[in-house]
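# Understanding the architecture of this molecule
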Amino acid sequence: MSARSYLYVLLLAGILPAHAYAQDAPAKQILPKKGVEQGKETAKVKKIEQNFDWYVMTSGSRDGHSVSSTDLYRTRYAVNGAAVFPLGERWAVEVDAELDEAAYNSGSDIPNGMSGNIGGNVFWRDPERGLIGLNTEIARIYFTDGFETMRYSAGPEFGYYLDRHSFLARASYHYWANTYDNGGTDISYSGRGIEFNGSWNYFITDNFSTGLNAGYKKLINGNPYIEFTYESYLAGVMSEYKFDSSPFSLFLQGVYEKGSFAFPAGSLDVNGYRVLLGLKYNFGDKSLFQHNRSGASMRGCPDFHFLDDVYAVTLPAG
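These remarks concern the structure in this document. Everything numeric in this text was worked out from a predicted model, so none of it was measured.

It is worth spelling out a nonpolar patch on the surface at this point. Side chains of F52, F85, V95, I118, I138, Y152, Y173, Y175, I194 and F196 sit close together on the surface and give an oily, nonpolar patch of about 890 Å² of accessible area. Its place among the elements puts F85 in strand β2 (residues 70–87).

Shown next as structure tokens:
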């Protein structure tokens, strides 16, 4: 076979594959590129789903207050956590608990104490829009001087989500049932109060958030031996950072409180602050943003109570 004939056979052998490729090429160009158009479409239809979630956090804080010319401060250690249990597509129940111990400075008139609380929320939530629900809590506060109180709380809560912003508002009615051992004789009385809290969180990244919180409270003393009310306004900052590929996150909180006692004979101003650092263990491999929208986000930090709610709203008699 001549060189020319051999070349002609090679061309014939290559005609069909070349022709098939020429026919398929336009069709392949029409198909969407995998991981680009298809990936974008998948992202559009993917939604955050409400699911089971929980966290546990341990924290330490320095709380200080200035009353008239007297400065009080305490060191407080706490362990708190929360878990969410979905009840269908939108409804869920959240359970939270906290245990803490506070040690006051030696010059304080308020003794050291311990408190524990357990609470819950029943709510309807759309992880992409917001939530509405009811919060409840029962707490026991015990002081080393023999004074103890039970605090009962309940109220509505509302949440709103916009892009990477999260807003939460809560109102609570508090009732204190107190018992004081006055030299072997128990004295019982009660107190009550209202509280409003709001917070804003912005997620700079999926695992780094910063935000502000504000609040108002009014406590009405029920002690028949002394009459007063206490009103205060609270403002604070908070931030949380979760380590990549780790369930742990660091939480930082700073709070300032401006309050005033109102007595029949006059008033007394109070200034307070808190600096808190916490280490949180987050369940699962979700980001902080996913935890906030679909998981245990109802109680993200320990509550700030002014001198254990002004010594449980009722200064002990005797």
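This is not the end of the story, as more comes after the structure.
Here we take up the pairing of strand β3 (residues 91–104). Side chains A92, E94, D96, E98, D100, A102 and Y104 project from β3 onto a buried face, and the interleaved W91, V93, V95, A97, L99, E101 and A103 project onto a face without burial. Strand direction decides the pairing type here: β2 and β3, joined by 14 bridges, are antiparallel. Across the sheet, Y77 pairs through a bridge with E101, a residue of β3. Hairpin geometry of β2 and β3 is characterised by an intervening segment of 3 residues between the two adjacent antiparallel strands and by a positive phi of about 100 degrees at G88.

A few words on the pairing of strand β8 (residues 185–205). Bridge count between β8 and strand β9 (residues 208–220): 13 bridges; the pairing is antiparallel. Paired with I194 across the bridge in β9 is K218. The hairpin turn running from β8 into β9, its antiparallel successor, is 2 residues long.

Turning our attention to unusual backbone geometry. Despite not being glycine, D163 has its phi angle at roughly 55 degrees, a positive value. Inspection of the secondary structure puts D163 in the loop between β6 (148–162) and β7 (165–182). Its relative accessible area of 64% is what places D163 among the exposed residues. Within the chain, S245 stands out as a residue other than glycine whose phi angle is a positive 55 degrees. Within the fold, S245 resides in the loop between β10 (229–242) and β11 (248–263).

Here the structure, examined in full by the defined rule, presents 13 aromatic pairs. Feature note: the residues F52, W54, F85, F248, Y281 and F283 constitute an aromatic cluster, connected by ring pairs.

Mapped onto the elements of the fold, L87 is located in strand β2. Along the sequence, L87 and N51 sit 36 residues apart, while their C-alpha atoms lie 9.2 Å from each other. For L87, the residues in contact, after removing those within four places along its chain, are A92 and V93.

About the thresholds
- Residues numbered from 1 in each chain as written.
- Predicted model: local features only at pLDDT ≥ 70, side-chain atom pairs only at ≥ 80, totals over all residues.
- Heavy atoms only, no water.
- Patch = residues over 30% accessible without salt bridge, like charges linked within 9 Å, V, L, I, M, F, W, Y side chains within 5 Å.
- Areas by Shrake-Rupley, 256 points an atom, 1.4 Å probe, with all protein chains shown as cover.
- Salt bridge = Lys/Arg side-chain N within 4 Å of Asp/Glu carboxyl O.
- Helix = DSSP H or I, 4+ residues; strand = E, 2+ residues; numbered from the N terminus.
- Buried < 20%, exposed > 50% of the residue type's maximum accessible area, 1.4 Å probe, protein only.
- Pairing = 2+ DSSP bridges.
- Phe/Tyr/Trp six-rings, centres within 6.5 Å; stacked < 30°, edge-to-face > 60°.
- Contact = heavy atoms within 4.5 Å.

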